[in-house]
Amino acid sequence: MEAKELLFLFIALATIVSAGLVAFSNKLIHSAFALLAALVGFAAFYVFLSADFLAVTQVVIYVGGILILILFGVMMTHRIYDTTLKTIHNPLILSILSGTAVAVVLALIIFRSPWAPVINKSFAPTTNAIGAEILTNYLLPFELISVLLLGVLIGAVFLARTEEHKK
Amino acid sequence: MISLQSYLIVSAIVFILGIITILYKKNAVGILMGVELILNSVNLNFVAFAKYIDTHINGQLVAIFIIILAASEAAVALAIILNLYRDRANIDVTKVDQMKN
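Residues numbered from 1 in each chain as written. Chains lettered and ligands numbered in written order. Predicted model: local features only at pLDDT ≥ 70, side-chain atom pairs only at ≥ 80, totals over all residues. Heavy atoms only, no water.

A.B. asks: So what exactly am I meant to see when it comes to the overall build of chain A here?
C.D. replies: When you go through chain A residue by residue, the secondary structure sums to six helices and zero strands. Secondary structure of chain A in N-to-C order comes out as α-α-α-α-α-α. For chain A, the C-alpha radius of gyration of 21 Å lies well beyond 15 Å, the compact-globule estimate for 167 residues. Taken along the three principal axes of its C-alpha coordinates, chain A extends 60 × 45 × 30 Å. Looking at chain A as a whole, 32% of its 167 residues qualify as buried. For chain A, long-range pairs separated by at least 24 residues make up 61% of all intrachain contacts whose partners lie at least 6 apart in sequence. Here chain A has roughly 10300 Å² of accessible surface; of this, 76% comes from carbon and sulfur atoms. (Helix = DSSP H or I, 4+ residues; strand = E, 2+ residues; numbered from the N terminus. Rg over C-alpha atoms; globule rule 2.2 N^0.38 Å. Buried < 20%, exposed > 50% of the residue type's maximum accessible area, 1.4 Å probe, protein only. Contact = heavy atoms within 4.5 Å. Areas by Shrake-Rupley, 256 points an atom, 1.4 Å probe, with all protein chains shown as cover.)

Take a look at the structure:
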């Protein structure tokens, strides 16, 4: 049990440090690579929580899809020699103050609220149950999200077209 | 045994860092990164609740739908950002205020 807790602590530290790098790094490309570490850390947490399907989904969709999109966005919108735009930020003290306000509320919620009693669940594969649930209880959200994805596909292609093809 | 609260604390810290990212950066892609951090921390909460206080796995299903929504949001946001960059060669969100007055 001791090794498991040490591993949890290490992953938690790595995730929080990389999330902090995302927030406070001056260069956007550094933020993007720190985001990679944070997302992998979250996938490791899902393994701890016996969510095997979700951990793989996290790696495939977030790290393989969204992060590549973000890196693509960073590299398309940044000239390499462009140093002035990179370091412009909003006032740091205001951001920190707002973050502290949210932190106080969240800490009160976490430590004050009476959580339901903990159930001891065994580590078991969840893919079967997720597949059955999606086709029974969660069928309506599943269909809605399929329509949404179709809309996003068409909308993103329409938005990203070049000017001369538009009427 | 790792308690439910430790997951909630980690997720709260990442949530706060995401909010600070959104408020601190002026670059639109940086703000998108903050949104991704926030969505991930919420997902971690859902999965932790599914493991610790739910007899079923409803939290994991909600987390899957959130991941799909995050992917579509990132795709549309980047399309908009690329269009913005093509129009005015910079993606500072404080400079995009034509509709303000």
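A.B. asks: Explain the interface of chain B and chain A to me, please; I cannot follow it from the model alone.
C.D. replies: A common way to state how big an interface is: give the accessible area lost once the parts meet. With 72 residues of chain B in contact, the opposing surface of chain A contributes 80 residues. Both faces combined, the contact of chain B with chain A buries some 7100 Å², and carbon together with sulfur accounts for 76% of it. A per-residue breakdown of the area chain B buries against chain A is headed by B:Y24, B:M33 and B:K51, which together make up 11% of the total. Along the contact surface separating chain B from chain A lie zero salt bridges. One can count eight residue pairs in polar contact (both at pLDDT 80 or more) joining chain B with chain A. (Buried area = accessible area lost by both parts, 1.4 Å probe. Salt bridge = Lys/Arg side-chain N within 4 Å of Asp/Glu carboxyl O. Polar contact = N/O pair within 3.5 Å; in protein donor to acceptor, adjacent residues only side chain to side chain.)

A.B. asks: I'm lost on the packing of aromatic side chains in this one. Help?
C.D. replies: The geometry of an aromatic ring pair comes down to the distance between the two centres and the angle between the two planes. All chains considered together, the criterion is met by nine aromatic pairs over all chains. Relative to A:F45, the ring of A:F8 has its centre 5.5 Å away and its plane inclined at 55°; by these criteria the two rings are tilted. Of this pair, A:F8 sits in helix α1 (residues 2-24) while A:F45 sits in helix α2 (residues 28-48), and the two are 37 residues apart along the sequence. Its relative accessible area of 0% is what places A:F45 among the buried residues. Between A:Y138 and B:F65, the ring centres sit 6.2 Å apart and the planes meet at 25°, which makes this aromatic pair stacked. On the criterion of chain membership, the pair formed by A:Y138 in the loop between α5 (127-134) and α6 (139-159) and B:F65 in helix α3 (residues 58-88) is interchain, its members lying in two chains. As far as burial versus exposure is concerned, A:Y138 and B:F65 are alike and both buried. Here the aromatic residues A:F8, A:F42, A:F45, A:F48, B:Y7 and B:Y52 are joined through ring pairs into a cluster of three or more. Geometry around A:F123 places B:K51 over its ring, the cationic atom sitting 4.5 Å from the centre. (Phe/Tyr/Trp six-rings, centres within 6.5 Å; stacked < 30°, edge-to-face > 60°. Lys NZ or Arg CZ within 6 Å of the ring centre and 35° of its normal.)

A.B. asks: Please explain the nonpolar core as it appears in this structure.
C.D. replies: A:F45, B:Y7 and B:M33 are the most contacted members of the largest nonpolar core, which totals 63 residues. Of all the secondary-structure elements, those providing two or more residues to this core are α1, α2, α3 (52-76) and α5 of chain A together with α1 (4-24), α2 (28-52) and α3 of chain B. The element contributing the most residues to this core is α3(B), with 12 residues. Apart from the residues within four sequence positions on either side, B:Y7 is in contact with A:F8, A:F45, A:F48, A:L49, B:I2, B:L44, B:A48 and B:Y52. (Core = buried A, V, L, I, M, F, W, Y, C linked by side-chain atoms within 4.5 Å.)

A.B. asks: Help me understand the environment of A:N137, please; the structure alone is not making it clear to me.
C.D. replies: One can find A:N137 in the loop between α5 and α6. Sequence separation of A:N137 and A:F123 is 14 residues, and the distance between their C-alpha atoms is 23 Å.

A.B. asks: For this particular structure, what's the right way to read the environment of B:A75?
C.D. replies: Here B:A75 lies in helix α3. Here B:A75 falls in the partly exposed class, since its relative accessible area comes to 22%.

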